[in-house]
Amino acid sequence: MSGHTDMVLVNEEGIRIDGRRTDEKRPIRIEAGVLKNADGSCYLEIGKNKVLCAVYGPRECRPRHLQDPTKAIIQCKYNMEAYSVTDRKRPGTDRRSVEISKLISEALSSVVQLELYPRASIDVYIEILQANAGTRCAGLTAASVALADAGIPMRDIVPAIACGKADDKVLLDLNKEEDNYGQADVPLAIVPSTDEIVLLQMDGNMTREELEYGLDMAFKAAHEVSDIQKDALRRRYTEISKKEGESD
Ligand code: UDP
């Protein structure tokens, strides 16, 4: 987020370097149940981002000192693969991945019915296979679908998307260039049925009016992402019931 580049990020017609309008999100593809050995899973693409998520649980919480006698905990591991970015990323946990894991786990804890499973752990593994900005939103969106695929009771399925600012324009769903050279990045995740906010961050600078305008775009887009999540789960359930029908 340097705010300085010679590159034109949004041209005079309001078109961005990847051809999108300012209020347009990148194409999204979501598939639920892509891994056989996990309890739930999801593969998601948004633009050039590629994310795989696997969920295990609820199962006995290890290490045991983390157990909560009143409810389950969500242990989330966000991991960016070494080959996911243009400059090879040093493998393993770093401060950024610890922070992102924590905020995704907290966002998911707002919707999962944790009190149903005292002492248990729900483990969420998020692998970023290819990154192009917006991976925390992509990871959280995929994790929500994977949890639903695992049959874990939730009051809703969380979608996430960012808004931000580059070339003095408020934009939806920043790509890598806009994130790197833009002026602000604001990831948002919501509970669609109530419009509660379960994740909101901001770095950079925006006026109050710009932020309000950006959040309006992001809320609307998050509801569209929610429809795509539900559609992926519907396809998954149809597939399961078809298979069950065949084995009868
Ligand atoms: N990025 C990178 N190397 C890193 C971390 C990030 O190349 O070690 C890139 C990657 O494309 C990522 C983008 O910078 O998606 C923006 O990173 P940020 O920390 O803002 O998180 P994100 O937008 O992915 O949630």
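Before going into details, it helps to say that this report is about the structure given with it. Since this is a predicted model, take the numbers as computed values, not measurements. (Residues numbered from 1 in each chain as written. Predicted model: local features only at pLDDT ≥ 70, side-chain atom pairs only at ≥ 80, totals over all residues. Heavy atoms only, no water.)

On to the pattern of salt bridges, then. Summed over all chains, the structure comprises 26 salt bridges. Between R235 and D231 there is a salt bridge, and its shortest N-O distance comes to 3.1 Å. With R235 and D231 both in helix α4 (residues 208-247), this residue pair falls four residues apart, about one helical turn. Judged by its relative accessible area of 34%, D231 is partly exposed. (Salt bridge = Lys/Arg side-chain N within 4 Å of Asp/Glu carboxyl O. Helix = DSSP H or I, 4+ residues; strand = E, 2+ residues; numbered from the N terminus. Buried < 20%, exposed > 50% of the residue type's maximum accessible area, 1.4 Å probe, protein only.)

This next bit is on helix α1 (residues 95-109). If you check α1, its first and last C-alpha atoms are 21 Å apart, about what 15 residues at 1.5 Å a residue would give, namely 21 Å. Considered for burial, the residues of α1 that qualify are S97, I100, S101, L103, I104, S105, A107 and L108. Elements in contact with the buried residues of α1: β4 (73-80), β5 (120-130), α2 (135-149) and β9 (196-200). (Expected span 1.5 Å × (residues − 1). Contact = heavy atoms within 4.5 Å.)

Counted by the stated rule, this structure contains one cavity of 30 Å³ or more. Its volume calculated, the largest cavity comes out at about 90 Å³. If you go around the largest cavity, you meet 14 residues; those closest to its centre are I46, C137, A138, A160 and I161. Residue assignment for the lining of the largest cavity shows that the elements contributing at least two residues are β1 (28-32), β2 (40-46), α2 and β6 (160-166). Split into classes, the residues belonging to the lining of the largest cavity amount to ten nonpolar, two polar and two charged. (1 Å grid on protein atoms, 1.4 Å probe; cavity = no way out; pocket = protein on both sides within 12 Å on 5 of 7 lines; lining within 4 Å. Points joined across faces, edges and corners; volume = space filled by probe spheres on them. Nonpolar A, V, L, I, M, F, W, Y, C, P; charged D, E, K, R; others polar.)

What follows concerns the sheet that holds β2. If you trace the five strands from one edge of the open sheet to the other, you get β1-β2-β3-β5-β4, paired in mixed fashion. Edge positions in the sheet fall to β1 and β4, since each of these pairs with one other strand and no more. The sheet shows a mean angle of 15° between the axes of neighbouring strands, taken without regard to direction. Sheet topology note: the β2/strand β3 (residues 49-60) ladder contains seven bridges and is antiparallel. In the sheet register, G40 faces β3, and the bridge partner there is V55. Docked against the sheet, α1 engages β4 and β5, running at close to 140° with respect to β4. (Pairing = 2+ DSSP bridges. Axes fitted to C-alpha atoms, helices over the stretch in contact; angles between N-to-C directions.)

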